[in-house]
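Next come the chains, spelled out residue by residue.
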Amino acid sequence: MPETPIGNSEVTDHAEPASARTDEQLMVAFASGKVEAFDELFSRYKQPVFGFFRRRLSEPSQAQADELTQETFLAVLRASSRYQPSALFRTWLYAIGFKILRAHRRKTAFRATFLGTSDRDPAIENSILADVMIRQAMGKLDRLEREILMLREFEQLGYAEIAELLNLPVNTVRSRLFRARMALRESLSASAPALSPKTLQQFEERI
Amino acid sequence: MIIATHPVSPEEVMEYLDGELSTAGAEAIRRHIDTCAECAGIADQFRAESQSLEQWNVPAIPEELDRLVHSAATEASTGKKLSNPKGIFMRAAFWSRGQWALRTVGALATLGLLLLATIPLTFNRSYPKTAMYEVAPKNLTALSVQTDQLSSQDHPAPGPPPLPSREQESKELRPVGMAAKLSSPPPSAHTQGDVISGGGGGGAHLDTFQATAPMIARTASLSITVKDFAASRANLDAILARRHGYAAELTLSTPENSGRSFNTSLRIPQAELTAATADLRTLGRVEFEKQSGEEVTQQHADLVARLKNSREEEPE
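In this convention, every chain numbers its residues from 1, walking through the sequence in written order. All chains are assigned letters beginning at A, and all ligands numbers beginning at 1, according to the order in which they are written. The model is predicted, so local features are restricted to residues of pLDDT at least 70 and side-chain atom pairs to those at 80 or more, both for listing and for counting; the totals for chains, interfaces and linings are taken over all residues. Excluding hydrogens and water, the side-chain values take into account all heavy atoms of the structure.

Some thoughts on the overall build of chain B
Point 1. Numbering goes from the N terminus for both helices and strands, where a helix is a DSSP run of H or I of at least four residues and a strand is a run of E of at least two. A tally of helices and strands in chain B yields 11 helices and seven strands.
Point 2. Each residue is assigned to one of three classes by its accessible area relative to the maximum for its type, calculated with a 1.4 Å probe on protein chains only: buried under 20%, partly exposed between the two thresholds, exposed over 50%. The buried share of chain B, reckoned over its 316 residues, is 37%.
Point 3. The criterion used for residue contact is that any of the two residues' heavy atoms lie within 4.5 Å. Intrachain contacts of chain B at a sequence separation of at least 6 include 74% that bridge at least 24 residues.
Point 4. By element, 57% of the accessible surface of chain B is carried by carbon and sulfur atoms, the whole surface being about 18400 Å². Here the open area of atoms and residues is found with the Shrake-Rupley method and a 1.4 Å probe, where only the protein chains shown may cover a residue.

What about the packing of helix 2 (residues 23–35) of chain B against helix 3 (residues 37–54) of chain B?
Residue and element names in this part refer to chain B.
Point 1. Axes, fitted as lines to C-alpha atoms, cover a helix only where it is in contact. Angles between the N-to-C directions of the axes lie from 0 to 180 degrees. Viewed as axis vectors pointing N to C, helix 2 and helix 3 meet at an angle of 110°, and their least axial separation amounts to 5 Å. The orientation of helix 2 relative to helix 3 falls into the category roughly perpendicular. In this structure, helix 2 contributes His32, Ile33 and Thr35 to the contact, and helix 3 contributes Ala37, Cys39, Ala40 and Ala43.
Point 2. When residues are sorted by character, Ala, Val, Leu, Ile, Met, Phe, Trp, Tyr, Cys and Pro go into the nonpolar class, Asp, Glu, Lys and Arg into the charged class, and all the rest, Gly among them, into the polar class. Looking at the contact of helix 2 with helix 3 residue by residue, the class counts come to five nonpolar, two polar and no charged. An angle counts as roughly parallel when it lies under 35 degrees, as roughly antiparallel when it exceeds 145, as roughly perpendicular when it falls between 65 and 115, and as oblique in every other case.

Quick notes on the nonpolar core
Buried together is how nonpolar side chains tend to be arranged in soluble globular proteins.
Point 1. In plain words, nonpolar cores are sets of buried Ala, Val, Leu, Ile, Met, Phe, Trp, Tyr and Cys residues tied together by side-chain atoms within 4.5 Å. Core analysis: the largest hydrophobic core is formed by 68 residues, its most contacted members being A:Phe53 and A:Met138.
Point 2. At 10 residues, helix 2 (residues 35–56) of chain A tops the list of elements feeding residues into this core.
Point 3. The contact partners of A:Met138, leaving out residues within four places of it in the chain, are A:Arg146, A:Leu149, A:Met150, A:Phe154, A:Leu184, B:Leu53 and B:Trp56.
Point 4. Formed by 13 residues, the second largest nonpolar core is a distinct cluster that contains B:Ile224, B:Ile239, B:Leu280 and B:Leu283.

Details of helix 7 (residues 159–166) of chain A
Residue and element names in this part refer to chain A.
Point 1. With respect to burial, helix 7 is a largely interior element, six of its eight residues being buried.
Point 2. Along helix 7, the positions that sit buried rather than exposed are Tyr159, Glu161, Ile162, Ala163, Leu165 and Leu166.
Point 3. With its phi angle positive at about 60°, Asn167 sits one or two positions after the end of helix 7.

Thoughts on the pairing of strand 6 (residues 261–269) of chain B
Successive side chains on a regular strand alternate, one facing one side of the sheet and the next facing the other.
Residues and elements named next belong to chain B.
Point 1. For strand 6, the buried fraction is high: eight of the nine residues fall into the buried class.
Point 2. Any two strands are treated as partners once DSSP identifies two or more bridges connecting them. As judged from the seven bridges shared by strand 5 (residues 246–253) and strand 6, these two strands associate in the antiparallel manner. Its bridge partner being in strand 6, Ala247 is matched across the sheet by Leu266.

Concerning the interface of chain A and chain B
Point 1. Listed as interface residues are 51 residues of chain A and, on the opposing side, 41 residues of chain B.
Point 2. In short, buried area is how much 1.4 Å probe accessible area vanishes from two parts on joining, totalled over both. Buried area between chain A and chain B, summed over both chains or domains, comes out near 4200 Å², and the portion from carbon and sulfur atoms is 64%.
Point 3. Of all residues in chain A, A:Arg78, A:Phe178 and A:Arg185 bury the most surface against chain B, accounting for 13% of the area lost on that side.
Point 4. Salt-bridge detection follows one rule: a side-chain nitrogen of Lys or Arg within 4 Å of a carboxyl oxygen of Asp or Glu. Connecting chain A to chain B are five salt bridges.

Looking at a nonpolar patch on the surface
Point 1. Patches here: salt-bridge-free residues with over 30% relative accessible area, like charges joined within 9 Å, nonpolar side chains (Val, Leu, Ile, Met, Phe, Trp, Tyr) joined within 5 Å. Where nonpolar side chains cluster on the molecular surface, the patch consists of B:Leu108, B:Leu111 and B:Leu115 and spans about 310 Å² of accessible area.
Point 2. Tracing the chain through its elements places B:Leu111 in helix 6 (residues 97–125).

Here's the deal with unusual backbone geometry
Residues and elements named next belong to chain A.
Point 1. Despite not being glycine, Gln156 shows a phi value in the positive range, around 60°.
Point 2. Within the secondary structure, Gln156 is located in the loop between helix 6 (143–153) and helix 7.
Point 3. Taking relative accessible area as the criterion, Gln156 reaches 33% and is therefore assigned partly exposed.
Point 4. Of note, Asn167 is a non-glycine position whose phi angle comes to about 60°, a positive value.
Point 5. Relative to the helices and strands, Asn167 is located in the loop between helix 7 and helix 8 (170–194).

Description of the pattern of salt bridges
Residues and elements named next belong to chain A.
Point 1. Tallying each qualifying case throughout the model produces 23 salt bridges over all chains.
Point 2. The salt bridge partner of Arg56 is Glu155, with a shortest N-O separation of 3.0 Å. Placement of the pair is Arg56 in helix 2 and Glu155 in the loop between helix 6 and helix 7, with a sequence separation of 99 residues.
Point 3. Since its relative accessible area comes to 4%, Glu155 is described here as buried.
Point 4. Salt bridges here are not isolated pairs; linked through shared partners, they connect Asp142, Glu145, Arg176 and Arg179.

Observations regarding the confidence of the model for chain B
All names here are of chain B.
Point 1. One number per residue, pLDDT, summarises how confident the predictor is, and it ranges from 0 to 100. Overall, the prediction assigns chain B a mean pLDDT of 69, with 61% of residues at 70 or greater.
Point 2. The low-confidence segment residues 126–211, where pLDDT is below 50, has 307 contacts with residues more than four positions distant or belonging to other chains.
Point 3. Reported for the predicted complex are a pTM of 0.50 and an ipTM of 0.73.

With respect to a positive patch on the surface
Point 1. A contiguous patch of positive charge, built from A:Lys99, A:Arg102, A:Arg105, A:Arg106 and A:Arg143, is present on the exposed surface.
Point 2. Ranked by residue count, the leading element in the positive patch is helix 4 (residues 89–115) of chain A, at four residues. The charge count treats Lys and Arg as positive and Asp and Glu as negative. His and the chain ends do not count. Charge positions come from single atoms, namely NZ of Lys, CZ of Arg, CG of Asp or CD of Glu.

Looking at the state of the cysteines
Point 1. The disulfide criterion is simple: two cysteine sulfur atoms within 2.5 Å. One pass over the structure, following the stated rule, counts zero disulfides over all chains.
Point 2. Unpaired in this structure, B:Cys36 has its nearest cysteine sulfur neighbour in B:Cys39, at a distance of 3.7 Å.

A word on the packing of aromatic side chains
Any pair of aromatic rings gets described here by the distance separating the centres and the angle formed by the planes.
Point 1. Any Phe, Tyr or Trp ring, taking Trp's six-membered ring, that has another such ring centre within 6.5 Å forms a pair; planes under 30 degrees apart are called stacked, those over 60 apart edge-to-face, and the others tilted. In the structure shown here, the tally under the stated rule is 12 aromatic pairs over all chains.
Point 2. Here the aromatic rings of A:Phe30 and A:Phe38 are separated by 5.0 Å at their centres, their planes lie at 45°, and the arrangement is tilted. Comparing A:Phe30 with A:Phe38 shows no difference in burial state: the two are buried.
Point 3. Centre to centre, the rings of A:Phe154 and B:Trp56 are 5.5 Å apart; their planes meet at 90°, and the pair counts as edge-to-face. Placement of A:Phe154 in the loop between helix 6 and helix 7 and of B:Trp56 in the loop between helix 3 and helix 4 (64–77) is noted, with the two residues assigned to different chains. Pair check on accessibility: A:Phe154 and B:Trp56 agree, each one buried.
Point 4. Of the aromatic side chains, those joined through ring pairs into one cluster are A:Phe30, A:Phe38, A:Phe42 and A:Phe73.

Below you can see the structure in the form of structure tokens.
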């Protein structure tokens, strides 16, 4: 797990390059008016946050992942004055991402209910076979277990960070993560034979 | 699978691979995995699973976002307020559950108040104010009278008469009715009365009322202080007979070292209410008077419906 020191967020005007400073130090530096500190934070997290949305959005909405990423960083900018360096920046960042994702899902569900625009398009565009397999296998998992597994595997968050984000005890995170991995293993091994020859051809035609 | 006596559980292997164990704990697991083929196999499975998940790639983020976010960061650093593209909907996304609950309850309460305020206005608009009283049914009026008499024995000549306190009197007042207080000894008579008239409850007339007419239950409350308690009570009975009313409730109290009080609820036909109230005022000095009206159209409609249903269900 990548270790990020916290609680050592004193801002000194040292000559240390921005890339050598912790997320929390950069955030505090930005609060004191240093734009390059935020640029560094953005360059560190733009791709992970983009991936966070891409993997959680259904196919037609994936094109909006960049928009949601932008909204997340704008929300970070707006809330930067309230940021407390006692909390890990990335936990705080993903918490904002979750809120934006939930708002997006609510909006999509509202449109699907009242405007009749469905977000479920059977067409799978620009997906490679591995993506499809994993997406399908992940889709079979329990919702909470899937979220824990994704936060661990893709966002590389520690158990304690996941527990804080999802408001769960760390022990629950550990046990649910274990169950998710077991279930995913079964699901992947079960889907692998099903994807051969005919299914494989179907997927390849779509690519 | 690993048996129960195995020193390392699969979950611990997972924790070790996730880097969640302390240095000593991780070292112990590592040494065990080196010597245990079964645990090494489990670790390999976890690794393979993570590697397969790594294949779920996402494309690179569009480069124009760099410029957009950088200019937003520059604006924010100069103290400029960033515009919120999503407005209220995006702000709502940041509400906590408590905030959601509070705002929902607030919105519902506001809606309820608006409805309460709008419906009577809409309803009354179709009837001129004067017409409301003209079409009011010939109902019975409720009166409650409380009489209070202070005897000369209770209050010796010197000093001011210990009249019952106003607080006590107001507590004795009832929402419907008239209260009269009679005090004999002191220089003045004290009478207190409440009169209330109701426009919607006359059972005999229920079926004859037009459903569209608003029905008003009028209530008058009077508090009267009188000099002669007995005479005033007789007068009250006379007024009641003259105005075709009846006493729904009578309460007479004669507390020690205090004035006598007589509290009664009278029901008077609607047409006689004004005259009855005027008659009651002649009993003594009016200390308090209050009149109010309540629309009972809905209650009346309910009563008519219940009456109709009951009649229909009545065995022939």
